[in-house]
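Inside the fold
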Amino acid sequence: MNPTAINAPISPSPRSPLLCHFLTPLPLRLSNSQSQTRRRYRASFPRCAATPSEQPLVMSNKKELTGLQPIVEKMTPPVRLATSAVVLAASLATGYGLGLRLMGSKNIALGGAAVAGAAGGALVYALNSAVPEVAAIGLHNYVAEFEDPASVTKEDIEKIASRYGVNKGDEAFQAEICDIYCRYVTSVLPAEGQSLKGDEVEKIVKFKSALGIDDPDAASMHMEIGRRIFRQRLETGEREGDAEQRRAFMRLVYVSALVFGDAASFLLPWKRVLKVTDAQVEIAIRENAKQLYAERLKLVGRDINVENLVDLRKAQLSFKLSDELAEELFREHTRTVAIENITSALGVLKNRTRAVKSMSLVVEELEKVLEFNNLLVSLKSHSEAANFARGVGPISLIGGESDFERRMDDLKLLYRAYVTDALSSGRIEENKLVAMSQLRNILGLGTREAEAISVDVTSKAYRKRLANAFSSGDLEAQDSKAKYLQKLCEELHFDAQKASAIHEGKFGPPDLLETAMSIASKAVRRVFTNYIRRARSAENRTESAKELKKMIAFNKLVVTEMVADIKGESSDKEPEEPVQEKKENGEDEEWGSLESLRKTRPDKELAEKMGKPGQTEITLKDDLPDRDRIDLYKTYLLYCLTGEVTRIPFGAQITTKRDDSEYLLLNQLGGILGLTSKEIVNIHVGLAEQAFRQQAEVILADGQLTKARVEQLDELQKEVGLPQPQAEKVIKNITTTKMANAIETAVNQGRLNIKQIRELKEANVSLDSMIAVSLREKLFKKTVNDIFSSGTGEFDETEVYETIPSDLSIDVEKAKGVVHDLAQSRLSNSLIQAVALLRQRNAKGVVSSLNDLLACDKAVPAEPLSWEVSEELSDLYSIYSKSDPKPAPEKVSRLQYLLGIDDSTATALSEMEDGAFSSAAEEGNFVF
């Protein structure tokens, strides 16, 4: 575009419609506060939307000039001024000449000059008033000539204003600038389904500066775009459309915040205009900043350098992204880069058709990860690290969105492959040891896990070199075999004690035992699960216990021997005393008082009779939920307690008590189920507590605890064997529940007041746990209502606002709100009630109601009240001021103010005889 076109005439030639995001033209509105000090401008929106593949154009077709506008457009300011003077002078001269020629009178000639001058003045006015509109059209058509409106400069705008002789602050010209800016912002923002690119803010700020539009006017355009998006959300009926409009609005909020910087908080009143909360604005800024920073991170690979990190830091600050989120995103990015190599390595490792060369590919991928990790570690300690992107440091696969925490076996395979390659030459270098340590940290392996793998691989390498040395005769040729073996251990970094164990035949691969136990465990647990399934589907408890007993026997006779064989132990070896878990305080007492628990720990004679207990290494702890394991143990415990029930004809049944050996089987069942000592104790105590509670609730049916009932409960406790603390807890719970029910009923029925509440608290009754918050709030409201209807006229703020809420344990601020609401509603009701009692000639009731009115006024000071019959207000004042006992002067004075009675009327009423009623009261005019 040639800038000389500024001075060229405006061409009315049409152009194709230009594209924008909005569908219908809408007037631009400023906020209320802005509209009071700034002019209103109108921004029109084109009707078509931009497609993602097109560069959206900003301006619509060129505007055509109409009326006098083409003439005005061709005039420069001096020409226009001269033309105006000529037109005005010619009008005056023509009018004067015509009047003088036609009428021959000088006075008429002057009148003709005045008329013609007025017409000429009107023409001059019309000519000059069209200038701002012509200038606005000129600006519009000038910008429309540009393929990229961003090419418009501030000088171009000033030249256009100067050409037409208008001020940039002129309403029409400024409105066109705002309209152009609004269209440009709309075109820069991403189209539907697209994300921010990161250059939007720079473009908008540059264009805003070129137009010379100030921040308040520019901000009003952003608000108008937001209104349009918000309105489209309301009109959109589809969920997907609503979600897209929401994302578009969030992008607008974010871009606007960056365009206006710190001034955005008061220039962009999202909360007041569109009901958008501060939290939603923060989310919009945070999520879009994360998206832009994540896109910027994608441009950085494993060859990251100092320049990249500095640029990322600058981008983070320009995007307004917090350091915490930036660090999280950077670590996730480096983790993603490393995962690409890890995934590739696993793919090669698990390929069943892999060749020998595949292992080198696995190691190559892992070396790339290590190289990338070393680069990040070195950059972290760089002298300019303070200017780098946050999060630079070692890589770890654990955390983030990856699922490698659940794929630890795969990571172990990779670590084993790398260690195996490091030892492939028969020795290991120092740099490989460092790399192994770094790889362990990257993969997130524990120290023991990594050490077990290293020892296994190293022991195999040691055996291989030892076999080669023996077969080649190198070992026999050595003067000192010990020194040779020592050197071999040093080259492999192998522990000498483990090497010695290999020579003695006592040390094998550590994972061999684990593998054997793993295979055996899987098979055994499958058998255990079948027993459990049959036990659950049994018809009754006795049949269920029989299935569990079979499982216990299988564990003792088969599984225990198998585990001993795997571990290389003799089956004739005396069983070790099972290690008991450390008992918590009070557990010894529970073992001693509960007979069922005591029987699970048999004496020496019974233990010898039962033989060696079953193994407890293979359990169902991880196969069954805790609830199921507890229920199975409880089933067999009840079987031990009640015995075997046999049904006989005619509906009768015979119960056969079991001996104490069943409790030993119960103990072994606990081991198979993987229950801890504490869990077992809790089951026994729970059953005893359940039995005690059932009978105690019958004894304490009315909640009263008498001496006779205490003795009865003591006998019950000894019979059941429940420890004293548990028994007392059950008794307290029963009585508390009964009391709570009674208190709750009293509150609901209105039979409980604040005085009784305080008495209960003095008796150490925990009302917080007995009475729900809603009921306590209801009681507070009733108490305050009683104060406002007591007829005393007193209101103690400390008592109502602090003491009573504290007694009821309710929120103080909420309590104040309740008081204010009640006071405001009771105030007018008290006046109506006083007038009604006045008409009934009930002076005592009048005084009481007026006192209630004064109490409400103390809580919430009121303005003078209005009433249609002023005489009745005078009667109320008269009765109250002369009541017995005489009210306090401050109360009388306050009532005078509330009833709107002036001092002279109050003095006159005081001098009237007692008991005087107005005619209105006598006639009983019920005015409401």
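Residues numbered from 1 in each chain as written. Predicted model: local features only at pLDDT ≥ 70, side-chain atom pairs only at ≥ 80, totals over all residues. Heavy atoms only, no water.

In terms of helices and strands, the chain carries 42 helices and two strands. Restricting the contact set of the chain to residue pairs at least 6 apart, pairs at least 24 apart contribute 74%. (Helix = DSSP H or I, 4+ residues; strand = E, 2+ residues; numbered from the N terminus. Contact = heavy atoms within 4.5 Å.)

Taking 1.5 Å per residue, twelve residues should reach 16 Å; helix 21 (residues 481–492) reaches 17 Å between its end C-alpha atoms and fits that length. Buried within helix 21 we find Y484, L485, L488, C489, E491 and L492. An end-on view of helix 21 places all buried positions within 165 degrees of arc, on one side of the element. Looking at helix 21, the residues exposed on the side facing more than 90 degrees away from the buried face are A482, K483 and K487. Where helix 21 begins, one side-chain oxygen reaches toward the backbone nitrogen of K483, 3.3 Å away; that side chain belongs to S480. Taken from the residues just after helix 21, H493 is the one with a positive phi, measuring 55 degrees. (Expected span 1.5 Å × (residues − 1). Buried < 20%, exposed > 50% of the residue type's maximum accessible area, 1.4 Å probe, protein only. Arc of directions from axis to C-beta. Polar contact = N/O pair within 3.5 Å; in protein donor to acceptor, adjacent residues only side chain to side chain.)

Turning our attention to unusual backbone geometry. In this chain, D884 is followed by P885 through a cis amide linkage whose omega measures 0 degrees. Its location among the elements puts P885 in the loop between helix 39 (870–881) and helix 40 (889–899). Of note in the backbone geometry, H493 takes a positive phi value of approximately 55 degrees without being a glycine. For H493, the position within the fold is in the loop between helix 21 and helix 22 (496–504). With a phi angle near 55 degrees, S809 is a residue other than glycine that sits in the positive phi range.

With that out of the way, let us pick up the confidence of the model for the chain. Per-residue pLDDT for the chain has a mean of 75; in total, 70% of the residues score no lower than 70. Taking the mean pLDDT of every element in the chain, the minimum, 37, falls on helix 1 (residues 32–35) and the maximum, 91, on helix 14 (residues 306–318). Between residues 575–591, whose pLDDT stays under 50, and residues either more than four places distant or in other chains, the model counts 24 contacts. Note that residues 918–928 has pLDDT below 50 and, in this model, 21 contacts with residues that lie over four places away or in other chains. (pLDDT = per-residue confidence, 0-100.)

Moving on to the nonpolar core. Formed by 114 residues in total, the largest nonpolar core has its most connected members in Y181 and W270. With twelve residues, the single largest contributor to this core is helix 15 (residues 323–349). Listed in part, the 52 residues of the second largest apolar core include A823, I879, L898 and L899. (Core = buried A, V, L, I, M, F, W, Y, C linked by side-chain atoms within 4.5 Å.)

We now examine the packing of helix 7 (residues 171–188) against helix 9 (residues 215–235). Remark: helix 7 packs on helix 9, axes separated minimally by 9 Å, with the N-to-C direction vectors making an angle of 50 degrees. The angle between helix 7 and helix 9 falls in the class oblique. The chirality of how helix 7 crosses helix 9 is right-handed. Across from Q174, C178, Y181, C182, V185 and T186 in helix 7, the residues of helix 9 making contact are D217, A218, M221, H222 and I225. The class makeup of the residues in the contact of helix 7 with helix 9 is seven nonpolar, three polar and one charged. (Axes fitted to C-alpha atoms, helices over the stretch in contact; angles between N-to-C directions. Parallel < 35°, antiparallel > 145°, perpendicular 65-115°, else oblique. Left-handed = near helix turned anticlockwise from the far one by under 90°. Nonpolar A, V, L, I, M, F, W, Y, C, P; charged D, E, K, R; others polar.)

Helix length check: helix 9, at 21 residues, gives a terminal C-alpha distance of 30 Å against a target of 30 Å (1.5 Å per residue), a fit within 8%. You can read the cap of helix 9 off the contacts: a side-chain oxygen lies 3.3 Å from the backbone nitrogen of D217, and it is on D214.

Another point: the pattern of salt bridges. Opposite charge on two side chains allows them to pair when their charged atoms are near. Applying the stated criterion across every chain yields a total of 37 salt bridges. A salt bridge links E365 to K368, with the shortest nitrogen-to-oxygen separation between them at 3.8 Å. Of this pair, E365 and K368 both sit in helix 16 (residues 358–380), three residues apart, which is roughly one turn of that helix. Given a relative accessible area of 14%, E365 falls into the buried group. The class for K368 is partly exposed, based on a relative accessible area of 32%. Ionic pairing is found between E491 and R427, a salt bridge with its closest N-O pair at 3.7 Å. Of this pair, E491 sits in helix 21 while R427 sits in the loop between helix 17 (408–422) and helix 18 (430–443), and the two are 64 residues apart along the sequence. Counted as one network, the salt bridges with shared partners bring together R427, E429, R465 and E491. (Salt bridge = Lys/Arg side-chain N within 4 Å of Asp/Glu carboxyl O.)

Moving on, we get to a negative patch on the surface. Together, E711, D714, E715 and E719 make up a negatively charged patch on the protein surface. Its location among the elements puts D714 in helix 31 (residues 707–720). (Patch = residues over 30% accessible without salt bridge, like charges linked within 9 Å, V, L, I, M, F, W, Y side chains within 5 Å. Areas by Shrake-Rupley, 256 points an atom, 1.4 Å probe, with all protein chains shown as cover. Lys, Arg positive; Asp, Glu negative; His and termini not counted. Charge placed at Lys NZ, Arg CZ, Asp CG, Glu CD.)

With respect to the secondary-structure elements, N555 resides in helix 24 (residues 541–567). The exposure class assigned to N555 is buried, which follows from its relative accessible area of 1%. Apart from the residues within four sequence positions on either side, N555 is in contact with F528, T560, G614, Q615 and I672.

Moving on: the packing of helix 16 against helix 18. Axis separation between helix 16 and helix 18 bottoms out at 10 Å; the angle between their running directions is 85 degrees. Taken together, the axis directions place helix 16 and helix 18 in an arrangement best described as roughly perpendicular. Note on element contacts: helix 18 touches helix 16 through K432, A435, Q438, L439 and I442, opposite L366, E367, V369, L370, N373 and N374. Grouping the amino acids of the contact of helix 16 with helix 18 by side-chain chemistry returns six nonpolar, three polar and two charged.

Relative to the assigned elements, V730 resides in helix 32 (residues 724–748). Judged by relative accessible area, which is 1%, V730 ranks as buried. If sequence neighbours within four positions are ignored, V730 has contacts with E689, F692 and R693.

Okay, the packing of aromatic side chains next. Throughout the structure, instances matching the rule amount to eight aromatic pairs. Note on Y184 and F207: the rings are 4.0 Å apart at their centroids and 25 degrees apart in plane angle, and the pair reads as stacked. Linking Y184 in helix 7 with F207 in helix 8 (residues 200–211), this pair joins segments that are 23 residues apart in sequence. This pair shows no difference in class: Y184 is buried, exactly as F207 is. Pairing F795 with Y801 gives two aromatic rings, centres 5.8 Å apart and planes at 75 degrees, and the pair type is edge-to-face. (Phe/Tyr/Trp six-rings, centres within 6.5 Å; stacked < 30°, edge-to-face > 60°.)

This part takes up the environment of I804. Positionally, I804 belongs in helix 36 (residues 797–808). Each residue touching I804, except ones within four places of it in the same chain, is listed here: I754, R758, F780, T783 and E799.

Let us now look at the environment of I630. Mapped onto the elements, I630 comes out in helix 28 (residues 626–642). Considering only alpha carbons, one finds I630 and I683, 53 residues apart in sequence, at a separation of 7.3 Å. Contacts of I630, omitting those with residues within four sequence positions, involve L675 and I683.

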